[in-house]
Each structure stands twice: as structure tokens, then as C-alpha cells.
Amino acid sequence: MNKGYLIAHVTVSDPVAYSEYARAAGEAMQEFNPKIIAWSGQYENLEGESHERHVVFEFASFDEAMRFYKSPGYQAARLLRAGAATGTFVLVEGPEG
């Protein structure tokens, strides 16, 4: 089964509200137990729109990552992010392995 990778590029405009989103998203994520592959730190924007935060989560499968994203817990967390940050979220299927 191929892994699923949720990749988020985010720019925060309201740190207090965003921290509430991060807490709620983290709680929603516990059920799915993803592995953190990359979490902000040093980066270089080589092309395209730039954001200040970057994170890559590895899930057991593409379907599992999609289940997390569509879960009631994460959808509730997303509402907390509205107005607190802008970004791009992408789900990518990994190679067989």
C-alpha cells in the first residue's frame, strides 16, 4: 500500500487564533497517527508563492490521509484556521514501498 503525504504551506496572520487551530488539528490527528516528515525549520522558496511555515505528514495510505482531512475533528479545526492563516494544502500519494 502506498503512503499518503499531506503537505501544508502556511502564512499566519493571527498567531493566537492559529494556535487554537493547531491545537484542535493536533487532537484530530491523534486518531490517524501520522509521522512528521518535515516541520518548518530552514527552507528556501525556489519558485511560486512563498509561505512562512511548511509541514509534511506521512500517513499509512492516501486514503487514510484523506480520511483525516475529511474527518469531523479536522473539519472543525479548519474553521478555526479561517481568517488566521492562508495557505496551500496538498495530498500526494507516495511510491510503492
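Structure: above.
Residues numbered from 1 in each chain as written. Predicted model: local features only at pLDDT ≥ 70, side-chain atom pairs only at ≥ 80, totals over all residues. Heavy atoms only, no water.

Focus on helix α3 (residues 72-81)
Those residues of α3 not exposed but buried are Y74, A77 and R81. Projection of α3 onto a plane perpendicular to its axis shows the buried side chains occupying an angular sector of 55°, all on one side. In α3, the exposed residues that point more than 90 degrees away from the buried face are P72 and L79. Tucked inside the fold, the buried residues of α3 contact α1 (15-29), α2 (62-70) and β4 (85-93). Count one or two residues on from α3 and you reach G83, which has phi positive near 85°. (Buried < 20%, exposed > 50% of the residue type's maximum accessible area, 1.4 Å probe, protein only. Helix = DSSP H or I, 4+ residues; strand = E, 2+ residues; numbered from the N terminus. Arc of directions from axis to C-beta. Contact = heavy atoms within 4.5 Å.)

Some remarks on α1
Look at α1: 20 Å from first C-alpha to last across 15 residues, which is about the 21 Å you get at 1.5 Å a residue. Taken as a whole, α1 has its buried residues at Y18, Y21, A24, A25, A28 and M29. Taken down its axis, α1 places every buried residue within 140° of arc, on the same side. Of the residues in α1, the exposed ones pointing more than 90 degrees away from the buried face are P15 and V16. Turning to α1, the residues buried within the fold contact β1 (4-12), β3 (53-59), α2, α3 and β4. (Expected span 1.5 Å × (residues − 1).)

On their own, these measurements won't tell you what the molecule is for.
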